[in-house]
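Fold and geometry: a report
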Amino acid sequence: TIKRVKKYEVQRLLVDADYRSRGIGRALMKFAENFVAEQNVVVDDCRMVATTFSALKEANAFYKAREYTRVEEKMVGKMLMNTYGKTIECGAKGS
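The rules we used
- Residues numbered from 1 in each chain as written.
- Predicted model: local features only at pLDDT ≥ 70, side-chain atom pairs only at ≥ 80, totals over all residues.
- Heavy atoms only, no water.
- Disulfide = S-S within 2.5 Å.
- Helix = DSSP H or I, 4+ residues; strand = E, 2+ residues; numbered from the N terminus.
- Buried < 20%, exposed > 50% of the residue type's maximum accessible area, 1.4 Å probe, protein only.
- Pairing = 2+ DSSP bridges.
- Axes fitted to C-alpha atoms, helices over the stretch in contact; angles between N-to-C directions.
- Contact = heavy atoms within 4.5 Å.
- Salt bridge = Lys/Arg side-chain N within 4 Å of Asp/Glu carboxyl O.
- Expected span 1.5 Å × (residues − 1).
- Arc of directions from axis to C-beta.

Side note on the state of the cysteines
- One pass over the structure, following the stated rule, counts one disulfide.
- The partner cysteine of Cys 46 in its disulfide is Cys 90, sulfur to sulfur 1.8 Å. Of note, the bridge from Cys 46 to Cys 90 carries an S-S torsion of about 80 degrees and is right-handed in sense. Separated by 44 residues along the polypeptide, Cys 46 in strand 3 (residues 45–53) and Cys 90 in the loop between strand 5 (79–88) and strand 6 (92–93) bring together distant segments of the chain. You'll find Cys 46 and Cys 90 in the same group, each marked buried.

Below, the structure is given as structure tokens:
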């Protein structure tokens, strides 16, 4: 059988340095995850992904702390990028 996966991507999530460590990033990610969970799609899995530069240590730690796992590492130009993913329970499960 073919597994049906719906992918949702977070792009360019950034909290200004003056406002970090106040739960803003966590709240934004929770909002995005809840949005995905509420989608009425018939698939086997929903997957959230986010990509960040590997040099941004705080950003990489942020995704890891939210139970995202690194699913890809690739060079974009001269920059190494990490893509993180997490399965989210969503919508009506297919048969």
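A closer look at the sheet that holds strand 4 (residues 69–76)
- Overall, mixed pairing links the four strands, which are arranged 1-3-5-4 in an open sheet. Where the open sheet ends on each side, the last strands, each with one partner, are strand 1 (5–10) and strand 4. Adjacent strand axes in the sheet meet at a mean angle of 25 degrees when their direction is disregarded.
- In terms of strand pairing, strand 1 meets strand 3 through six bridges, oriented parallel. Bridged to Val 10 within strand 3 is Ala 50.
- Strands in contact with helix 1 (residues 24–37) are strand 1, strand 3 and strand 5; relative to strand 3, the strand with the most contacts, it is inclined by about 150 degrees.
- On the sheet, helix 2 (residues 57–65) packs against strand 1, strand 3 and strand 5 and is oriented at approximately 160 degrees with respect to strand 3.

Topic: the pattern of salt bridges
- On inspection of all chains with the given rule, the structure shows five salt bridges.
- Among the ionic pairs, Lys 86 bridges to Glu 33, the shortest N-O distance being 3.4 Å. A residue pair is termed long-range when its members are at least 10 positions apart, and Lys 86 in strand 5 and Glu 33 in helix 1 qualify at 53 residues. Considered together, Lys 86 and Glu 33 belong to a single accessibility category, that of buried residues.
- A salt bridge links Arg 70 to Glu 73, with the nearest nitrogen and oxygen atoms 3.4 Å apart.
- Residue Glu 73 is classed as partly exposed on the basis of its relative accessible area of 46%.

Focus: helix 1
- With 14 residues, helix 1 should reach 20 Å at 1.5 Å per residue; the first-to-last C-alpha distance of 20 Å fits that figure.
- Restricting attention to buried positions, one finds in helix 1 the residues Gly 25, Met 29, Ala 32, Glu 33 and Val 36. Relative to the axis of helix 1, the buried residues are bounded by an arc of 95 degrees and lie together on one face.
- On its buried side, helix 1 packs onto strand 1, strand 3, helix 2 and strand 5.

Side note on the pairing of strand 3
- Sheet topology places strand 3 next to strand 5; eight bridges connect them, and they run antiparallel. By the bridge assignment, Thr 51 is partnered in strand 5 with Thr 83.

By themselves, these figures tell us nothing about what the structure is for.
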